[in-house]
Amino acid sequence: MKSVRRTVAVATLVGALGLSVLNAPTAQAADTGITVSDIVINNGKPIVVGTSKVVEPPIRFNIALPSGYSTADPSRYDAYPFLYRGTMKTAADTGENFIQPGGYTCFEIDAKHARCEGNLYIDPHPSQEHVDSNSDATSWKVGVSLKLWKADGGLKTGELETRSTTVQLKRAAKATTNASPEPVVKGKTITVTGKLTRANWSTKKYDAYSGRTVSLQFRAKGTDSYKTLKKATTSSTGGLKTTVTASVDGSFRWVYYGNSTTGAATSAADYVDVN
């Protein structure tokens with residue numbers, strides 16, 4: 001039997017958490033008895049966010065219910081992981097530095113256990129306050145929201161729990177490539193230029209990323225893999241420039257492998273015909 005949970009809009013989830021759990025009377029802030037385990041966010045990889053596109057990293061987790069509750073009635077309980085920075089209560093209460101699921105579905109294993117999967121919802125738009133500062137490119141803590149509902153739909157009890165695991169959020173980067181001249185005579189010089197930029201979450205623009213080591217790669221026509229030819233460091237404007245000797249037809253690209261705050265970037269390939 002499949003037990004399908006409610007899928008609720010992000011704004012509604014924030015409101016429900018803030019009003020129903022955090023502002024509830026102290027008598028309701030008791031142990032729910034719900035256990036959430038085996039939480040995996042974005043398949044264990046860092047989450048890379050740009051300046052405008054919504055990012056929905058996959059999540060999965062397991063739920064175990066307390067006595068008196070059954071997966072056959074998913075309207076009686078609610079449990080999901082979220083990400084936060086700073087104080088958990090403040091983040092959940094205000095919605096700032098707080099990232100939660102856009103929706104998820106739970107599948108019944110038995111009367112007391114369910115396997116759940118869904119997606120977090122990260123919108124870089126300033127109104128969402130998900131990533132509104134470059135300082136947000138850091139490790140985020142993992143928390144869990146747990147709630148039990150009465151038969152009449154009222155909140156019975158709710159709690160927030162923190163976990164020891166963290167998730168890294170990174171600023172997206174972009175790279176470009178231009179190889180010239182095209183075509184070129186064999187043995188002549190090919191000049192390969194490009195630019196590396198990365199997301200500025202404060203301005204919602206991509207800025208030049210200077211002082212970064214970037215690899216120039218080449219794939220010969222008729223082959224499947226790229227090989228690194230040399231490395232270059234970006235200028236103060238994020239610019240890249242180097243030269244190579246033309247030998248065979250093929251494609252050039254710049255590859256940046258990222259760091260603790262910035263995601264990797266691979267440019268589109270630029271093909272050069274060698275005569």
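So, a few notes on the structure that sits alongside this text. Note that the coordinates shown come from a computational prediction; the quantities given were computed from them, not determined experimentally.

With respect to the pairing of strand S16 (residues 250-256)
- The element S16 is largely enclosed, with a buried count of 6 among its 7 residues.
- With 6 bridges connecting them, strand S13 (residues 213-220) and S16 associate as antiparallel partners. The residue of S16 that forms the bridge with Gln 217 is Arg 253.
- Where S16 meets strand S18 (residues 270-272), 3 bridges bridge the pair, whose relative direction is antiparallel. Each residue of the ladder has a partner; that of Ser 251, found in S18, is Tyr 271.
- Both S16 and strand S17 (residues 265-266) contribute to a ladder of 2 bridges, which runs antiparallel. Bridge pairing in S17 links Tyr 256 to Ala 265.

Notes on unusual backbone geometry
- For the bond from Ser 180 to Pro 181, the omega torsion is 5°, close enough to zero to count as cis.
- Here Pro 181 shows up in the loop between strand S10 (173-180) and strand S11 (189-200).
- The omega torsion across Glu 182 and Pro 183 is -5°, close enough to zero to call that bond cis.
- Residue position: Pro 183 is located in the loop between S10 and S11.
- Phi is positive for Asn 97, which is not a glycine, with a value near 55°.

Observations regarding the sheet that holds strand S2 (residues 47-49)
- Pairing within the open sheet is mixed, and its 5 strands lie in the order S2-S9-S8-S4-S5. Looking at strand neighbours, the two that pair on one side only are S2 and strand S5 (98-99), the edges of this open sheet.
- Direction of pairing for strand S4 (residues 77-84) relative to strand S8 (residues 139-149): antiparallel, over a ladder of 8 bridges. Bridging from a neighbouring strand, Asp 78 pairs with Lys 147 of S8.

Definitions and cut-offs
- Residues numbered from 1 in each chain as written.
- Predicted model: local features only at pLDDT ≥ 70, side-chain atom pairs only at ≥ 80, totals over all residues.
- Heavy atoms only, no water.
- Buried < 20%, exposed > 50% of the residue type's maximum accessible area, 1.4 Å probe, protein only.
- Helix = DSSP H or I, 4+ residues; strand = E, 2+ residues; numbered from the N terminus.
- Pairing = 2+ DSSP bridges.

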